[in-house]
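# Summary of the model geometry
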Amino acid sequence: METRRTTVRDVRRANRSSLLTDLFHGGLQSRQQLAASTALSQASVSNLIGEMIEEGLVEEAGLVGSDGGRPRVLLRVRPGYRYVVGADVGETRVLVELYDLEMTRLAAVTLQHDDGPEQVAGRLLSGLRTVLDEAGVAPRDVLGFGVGVPGVVGQDGVVDSQSTAWDAVPLGDMLRAGTEVPIFVENGAKTHGQAEMWFGAGRGARHVVVVMTGLGVGAAVVMDGRSYYRGANSNAGEWGHTTLVYDGDECRCGARGCLEAYIGSDRITRRLADATGEAYSKELLPRLLATADLPPAAARVFEHTAGYLGAGLADLINLFSPERIVLGGVTGSVFGARFLPEIRAAAARHALRRPYAQTTITICELGVDAVAMGAATLPIAQLLAEGALPDQAEQVLAFTPRQRRPGERTRR
């Protein structure tokens, strides 16, 4: 097997990446703090930060006092250096949101669709144009457009979803044909997981499973604090299509007994309608979840649903032994908030005692924006990994401190 030598450029890229990652996730920090957290020398930090200030990627953002010395300059990733757009493709609508690099939402639009791939792609491109126009941002200033979708996402954004009858849909290419903005397509549960890991209930943990339940059911398995377990072909995480009941209820995917057939929002709603005698409607589930005094028939349906969900979580605990499970999604976050004790009790009954005792089950913190926000971080993750924009990487990594004139600063 050929072994690749580590070059000076590799080291420089890694050091820039480390500094950028610390600034992005850690907020305002001084050069001294960055040297301590990255284990880089003060000279390396000063040189690399100086480069990134000249590029406009990093900026000085105030002073903080120090013990007996001069105030220290605080640094941050410059919010307006570039922008990112994220989208959540739901059952009947797409949500498109524009953010700066401080993850401040600048614009958002929701558009309806009929689940056809061509229409979804059209709505996504329309939403992209709308949020850019609303905020006055040019396409060339956008790092990328991340899109979270249901189903399995393969190379170059090819989507397979048996539940929605998408068979090898080249969504990435369909979107690239309509915009110059770089396109990133990922499974929605994984983008939800990334948002919660970076900004929400997953922060501070290294081994986490973020589950998302709505019409569909999925999971993002984070095993080292940053990367997701994807399997050989990026198909891992289809937790909703693991078998809960042998030869049980038919699932949207065509198989029988899938977990989704018992905790997906449509199936819960149908069981509620049958049990209570009320007419089936998409508003029935959220209305009953918000009802203080539940009818006994509805309470029994929710009790069974908590049991199914807890049993599914027990499988995740036994398989992955995470330190934290985060419940999210349109249905999961609301249902989990109301029935968390029952869900935990069911998980305890079905999981092995020791791994269950070492796992915390909690609720997501980011709400309905989580999938779109996580999708918007996909191009940021690339920026942090490269330490520069992809088209600037060679120029940046060839830059040496000797090329800077003493005291020279670029106005930004």
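Above this text sits the structure in question.
Quick summary incoming for the structure in this document.

Calculation notes
- Every chain begins its residue count from 1, and numbering advances along the sequence as written.
- Local features in a predicted model are, by the rule used here, given only for residues with pLDDT of at least 70; side-chain atom pairs are given and counted only at 80 or more, and totals for whole chains, interfaces and linings are based on all residues.
- Calculation of side-chain values draws on the structure's entire complement of heavy atoms; hydrogens and water are dropped beforehand.
- Numbering goes from the N terminus for both helices and strands, where a helix is a DSSP run of H or I of at least four residues and a strand is a run of E of at least two.
- Residue count minus one, scaled by 1.5 Å, sets the expected span of a helix.
- The cut-offs for exposure are 20% and 50% of the maximum accessible area for each residue type, with area from a 1.4 Å probe on protein chains only; residues under the lower value are buried, those over the upper are exposed, and the others partly exposed.
- Grid points spaced at 1 Å and placed over the protein atoms alone form the basis of the search, with a cavity being a set where a 1.4 Å probe fits but cannot get out and a pocket an open set showing protein on both sides within 12 Å along at least five of seven lines. Lining residues have an atom within 4 Å of a point.
- Grid points are joined across faces, edges and corners, and a volume is the space filled by probe spheres set on the points.
- Residues are grouped as follows: nonpolar covers Ala, Val, Leu, Ile, Met, Phe, Trp, Tyr, Cys and Pro; charged covers Asp, Glu, Lys and Arg; every other residue, Gly included, is treated as polar.
- Each pair of strands is called paired provided DSSP finds at least two bridges between the two strands.
- Axis geometry follows a simple rule: fit a line to the C-alpha atoms, using only the stretch in contact for helices, then measure angles between N-to-C directions, giving values from 0 to 180 degrees.
- Pairs of residues are marked as contacts when any of their non-hydrogen atoms sit within 4.5 Å.

## Side note on helix α1 (residues 8–26)
- Helix length check: α1, at 19 residues, gives a terminal C-alpha distance of 27 Å against a target of 27 Å (1.5 Å per residue), a fit within 8%.
- Those residues of α1 that sit buried are Asp10, Arg12, Asn15, Arg16, Ser17, Leu19, Leu20, Thr21, Leu23 and Phe24.
- The positive-phi residue at the C-terminal boundary of α1 is Gly27, with phi of around 75°.

## Considering the layout of surface pockets
- For the second largest pocket, the calculated volume is near 280 Å³.
- Along the wall of the second largest pocket there are 14 residues; nearest its centre are Phe184, Val185, Glu186, Arg230 and Leu378.
- Where the lining of the second largest pocket is concerned, the elements lending two or more residues are β11 (183–187), α6 (188–199) and α13 (370–386).
- The residue inventory of the lining of the second largest pocket, partitioned by class, reads six nonpolar, five polar and three charged.

## Some words on the sheet that holds strand β6 (residues 105–112)
- Strands sit in the order β6-β5-β4-β7-β11 across an open sheet of five strands; the sheet is mixed. The outermost strands of the open sheet, each flanked by one partner alone, are β6 and β11. Ignoring strand direction, the axes of neighbouring strands in this sheet form an average angle of 15°.
- Bridge analysis of strand β7 (residues 142–149) against β11 gives five bridges, and the strand direction is parallel. Residue pairing for β11: Val147 is matched across the bridge by Val185.
- Where helix α4 (residues 117–135) meets the sheet, its contacts fall on β4 (83–89), β5 (93–100), β6 and β7, and the angle it forms with β6 comes to roughly 150°.
- Sitting on the sheet, α6 touches β7 and β11, and the angle it makes with β11 is about 100°.

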